[in-house]
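Descriptive analysis of the structure
Here's the letter readout for the chains.
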Amino acid sequence: MAEIVIRNLRKEFGAFTAVKGSTFTIGDGEFFMLLGPSGCGKTTTLRMIAGLELPTSGEILIDGEDVSQRPASQRDIAMVFQMFALYPHMSVRKNISYPLVSQGMPRAQVQARVAEVARILRIDHLLDKGVGGLSGGDRQRVALGRAIVRNPKAFMMDEPLGALDAEFREIMAEELRALHDRMGATTVYVTHDQLEAMQMGDKIVVMNHGVVEQFGTPQEIYDHPATLFVADFIGSPSMNFLHFEGGFRPGSTTVTLAGTRIEVPQLQEEAEGRKLVLGVRPEHVTLTADGPYRGRVVATEYLGTTQIITLDTAQGQIKARAPSGQRASAGETVGLSFAAPKLSLFDQGTGRAFR
Ligand code: ATP
């Protein structure tokens, strides 16, 4: 088990900077997500933690020890890749024992450890089968078994479920999370899928263009996005953004949107005179008969218990999540109200949220 502290971590590839000074802490036993769009520097960060890539500057501390310049072999971290490679001609037992045997561990100890791992992964009954005839899920379990058998300090997983179809991915995601809860080992998991990160993670780092945009629990990141990028990236459908006229007066609790006053959370002085963007999640938009802010229904999308209603407003299109029983017909004009305490306010210039 391990706590991993990342301080001002930076990686340059020639003239290109892939990671621009990241700082965050991965708590002991946490399931930790590195989330962001393709090319944002997630894999590079993971590889630096594992020791497969050396940082240009900054520090990586594992349980208080600076390992930044140590090779992977001296960090006691297991890497789980997307393409789980197994030895096809060997039995499940041999595949799982391999890392221990090659370390020179005595036979009896290897057998005991393999039995324990097989129990944790619930593949005891497969130990003497060849891996060739196994189902996809069982192959993944065997590959995981090979990664966990050494009992490393931490696991690094780079989009481990990326190659699976949606249904199977969900099953394996649940299994991975349950496995983590049974073992309690610190796990760092790279994904570009915000839903996967929200569902599986204890903590999430959201990256964009090599920069850490936000670091927190899924709920903190969803409820209080620190930047416009995070607000847009997390949530489906994404947050609505409304640009309103004029600078903001500190202490005020209303803003003017298309001639209508809208209630917002009270802001600090730093917001004075700044152009703001109002962020409102679809579930915090309510359709009313006579609200002052108006929208015209252009489409509805049925999702079972809820529906997503798309509306044209003076500020552009807005999406609202409403109970599926609520009637909304295309072409109809309705009032819209926003749940004031749930709104986010961003500085239009810097993209950062005001608190
Ligand atoms: P993806 O999900 O597409 O893998 P990522 O967020 O994991 O994206 P990285 O693989 O960390 O992104 O790459 C970040 C940037 O660094 C990319 O623009 C990539 O092209 C660049 N990069 C990564 N490795 C190298 C390298 N060895 N040499 C040069 N550039 C690199």
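Residues numbered from 1 in each chain as written. Predicted model: local features only at pLDDT ≥ 70, side-chain atom pairs only at ≥ 80, totals over all residues.

1. Topic: the overall build of the chain
- Tallying secondary structure elements over the chain gives 8 helices and 21 strands in all.
- Principal axes of the C-alpha set define a box for the chain whose edges measure 80 × 45 × 30 Å.
- Considering the chain as a whole, with its 355 residues, one finds that 34% of them fall into the buried category.
- Put simply, 66% of the contacts in the chain that link residues at least 6 apart link residues at least 24 apart. (Helix = DSSP H or I, 4+ residues; strand = E, 2+ residues; numbered from the N terminus. Buried ≥ 20, exposed ≤ 12 C-beta atoms within 10 Å, placed from the backbone. Contact = placed C-beta atoms within 7 Å.)

2. So, helix α4 (residues 136-148)
- End to end, α4 covers 19 Å across 13 residues, agreeing with the expected 18 Å (1.5 Å per residue, within 8%).
- For α4, the set of buried residues is Q140, R141, V142, A143, L144, G145, R146, A147 and I148.
- On its buried face, α4 sits against β6 (77-80), α2 (92-101), α3 (107-121), β7 (154-158) and α5 (166-183). (Expected span 1.5 Å × (residues − 1).)

3. Considerations on the site of the ligand
- In the region of the ligand, the neighbouring residues are F13, F16, A18, G36, S38, G39, C40, G41, K42, T43, T44 and H192.
- When residues of the shell around the ligand are traced back to their parent elements, those giving at least two are β2 (16-26) and α1 (42-50).
- It is α1 that provides the largest number of residues to the shell around the ligand, a total of 3 residues.
- Tallied by class, residues from the shell around the ligand come to 4 nonpolar, 7 polar and 1 charged. (Near = placed C-beta within 6 Å. Nonpolar A, V, L, I, M, F, W, Y, C, P; charged D, E, K, R; others polar.)

4. Remarks on the sheet that holds β2
- Strand order in the open sheet formed by 4 strands is β2-β1-β4-β5, with antiparallel pairing between adjacent strands. Two strands in the sheet have a free side with no partner beyond their single neighbour: β2 and β5 (65-66).
- The pairing of strand β4 (residues 57-62) with β5 spans 2 bridges and is antiparallel. Paired with I62 across the bridge in β5 is E65.
- Contacting β1 (4-13), β2 and β4, α1 crosses the sheet at an angle of about 120 degrees to β1. (Pairing = 2+ DSSP bridges. Axes fitted to C-alpha atoms, helices over the stretch in contact; angles between N-to-C directions.)

5. Some words on the sheet that holds strand β16 (residues 293-302)
- Pairing is antiparallel in the open sheet, where 5 strands are placed in the order β15-β19-β16-β17-β18. The two strands at the open ends of the sheet, each matched to only one other strand, are β15 (285-288) and β18 (316-323). Adjacent strand axes in the sheet meet at a mean angle of 45 degrees when their direction is disregarded.
- As judged from the 4 bridges shared by β16 and strand β19 (residues 333-338), these two strands associate in the antiparallel manner. Bridging from a neighbouring strand, R294 pairs with G335 of β19.

6. Remarks on the environment of V110
- Mapped onto the elements of the fold, V110 is located in helix α3.
- With 20 C-beta atoms packed within 10 Å, V110 lands in the buried category.
- With 14 residues separating them in the primary sequence, V110 and I96 have C-alpha atoms 9.5 Å apart.
- Contact partners of V110, with chain neighbours within four places excluded, come to S97, L100, V101 and M105.

7. Some details on the domain arrangement of the chain
- Taken domain by domain, the chain comprises domain 1 (4-231) and domain 2 (239-354).
- On a C-alpha basis, the centres of domain 1 and domain 2 stand 39 Å from each other.
- Class assignment for the residues of the side of domain 1 that touches domain 2 results in 5 nonpolar, 1 polar and no charged. (Domains from an automatic or database assignment.)

8. Some remarks on unusual backbone geometry
- In this model, S236 is joined to P237 through a cis peptide bond whose omega is -5 degrees.
- Assignment of secondary structure puts P237 in the loop between α8 (228-233) and β11 (240-243).
- Positive phi values are uncommon outside glycine, yet D76 reaches one of about 60 degrees.
- Note that D76 resides in the loop between β5 and β6.
- On the basis of neighbour count, D76 is assigned to the partly exposed category, with 15 C-beta atoms found within 10 Å.

9. Some details on the packing of α2 against α4
- Here α2 crosses α4 at 25 degrees, and the two axes come no closer than 7 Å. Relative to α4, the element α2 lies roughly parallel. Relative to α4, α2 is oriented so that their crossing is right-handed. Side by side, α2 and α4 meet where V92, N95, I96, Y98 and P99 of the first sit next to V142, G145 and R146 of the second. (Parallel < 35°, antiparallel > 145°, perpendicular 65-115°, else oblique. Left-handed = near helix turned anticlockwise from the far one by under 90°.)

10. Considerations on the packing of α2 against α3
- One can describe the packing of α2 onto α3 by two numbers: an axis separation of 10 Å at closest approach and a directional angle of 130 degrees. The orientation of α2 with respect to α3, classified from their angle, is oblique. In this structure, α2 meets α3 at a crossing whose hand is right-handed. Note on element contacts: α3 touches α2 through V110, R113, V114 and V117, opposite R93, I96, S97, L100 and V101.
- Per-class residue counts for the contact of α2 with α3 are 6 nonpolar, 1 polar and 2 charged.

11. A word on the environment of Q219
- On the secondary structure map, Q219 appears in helix α7 (residues 218-223).
- Along the sequence, Q219 and H209 sit 10 residues apart, while their C-alpha atoms lie 23 Å from each other.

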